[in-house]
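Spelled out, the chains give:
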Amino acid sequence: QVQLVESGGGLVQPGGSLRLSCATSGSIFSFYFMGWYRQAPGKLRELVAGTAGSGITTYADSVKGRFTISRDSSKNTVYLQMNSLKPEDTAVYYCHGRSGLANYWGQGTQVTVSS
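Counting of residues starts from 1 at the beginning of each chain's written sequence and follows it residue by residue. Where local features are concerned, this predicted model is filtered to residues with pLDDT of at least 70; where side-chain atom pairs are given and counted, the filter is 80 or more; whole-chain, interface and lining totals use all residues. Hydrogens and water are ignored here; the side-chain numbers use all heavy atoms of the structure.

Observations concerning the pairing of strand β7 (residues 67-72)
Put simply, the test is: For two strands to be treated as a pair, DSSP must find no fewer than two bridges joining them. Strands are runs of DSSP state E lasting at least 2 residues, helices are runs of H or I lasting at least 4, and numbering of each runs from the N terminus.
As paired strands, β7 and strand β8 (residues 77-82) are joined by six bridges and run antiparallel to one another. Paired with R71 across the two strands is V78, which belongs to β8. Taking the residues that link successive antiparallel strands as the turn, the β7-β8 hairpin has four residues, and the phi of N76 there is positive, at about 50 degrees.

A closer look at the packing of aromatic side chains
Under the convention used in this document: Only Phe, Tyr and Trp rings are paired, with Trp represented by its six-membered ring, and only when their centres lie within 6.5 Å; those with planes under 30 degrees apart are stacked, over 60 edge-to-face, the remainder tilted. To sort residues, take the accessible area from a 1.4 Å probe on protein chains only and compare it with the maximum for the residue type: under 20% means buried, over 50% means exposed, and anything in between is partly exposed. Criterion for a charge above a ring: Lys NZ or Arg CZ within 6 Å of the ring centre, and within 35 degrees of the ring normal.
Throughout the structure, instances matching the rule amount to two aromatic pairs. Ring centres 6.0 Å apart and planes at 85 degrees place the aromatic pair F31 and Y104 in the edge-to-face group. One end of the pair, F31, is in the loop between β3 (18-24) and β4 (33-39); the other, Y104, is in strand β10 (residues 102-105), with 73 residues separating them in the sequence. Seen in terms of ring centroids, Y37 and W105 are 5.0 Å apart; in terms of plane orientation they differ by 65 degrees. Their pairing is edge-to-face. In this pair, Y37 is assigned in strand β4 and W105 in strand β10, connecting sequence segments 68 residues apart. For Y37, a relative accessible area of 16% gives the class buried. Take W105: its relative accessible area is 37%, and that puts it in the partly exposed class. Between R45 and the ring centre of Y94, over which it is positioned, the NZ or CZ distance is 3.7 Å. Just above the ring of W105 sits the side chain of R45; from NZ or CZ to the centre is 4.7 Å.

Here's the deal with the nonpolar core
A general trend in soluble globular proteins is that nonpolar side chains are found buried together. Selection criterion: Only buried residues count toward a nonpolar core, which is a set of Ala, Val, Leu, Ile, Met, Phe, Trp, Tyr and Cys residues joined through side-chain atoms within 4.5 Å. By definition, residues are in contact when any of their heavy atoms lie within 4.5 Å.
Counting 25 residues, the largest nonpolar core has M34, W36, F67, L80, M82 and Y93 as the members making the most contacts within it. Breaking this core down by element, the ones donating at least two residues are β3, β4, β5 (46-52), β7, β8, β9 (91-99) and β11 (109-113). With residues near it in sequence (within four places) discarded, L80 still touches L18, R19, L20, W36, V48, A49, F67, T68, I69 and Y93.

Structure (structure tokens):
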């Protein structure tokens, strides 16, 4: 059974940085798309950043220039480096992987940006 396990969330002040990690139980090559989504209270879950196996990346307009998604195939891990964090980035962040017709989700990690 495929599992995605996130880590790295926490409380950070505005302007600070965090790096989220998503470790997969299997080979990262089995996913042709991996991404990070977030869901704030009372809002829909939204795509923050994604990366395809080809190396193409995509970002939400609200995080362009501040967030960077990357993958380390040797560790079967996807990262989300978040810089210049703002209070509106506060949300539960979920790792997502798509393999064939199947979608896999992590359990989520809380990111809170507050002074």
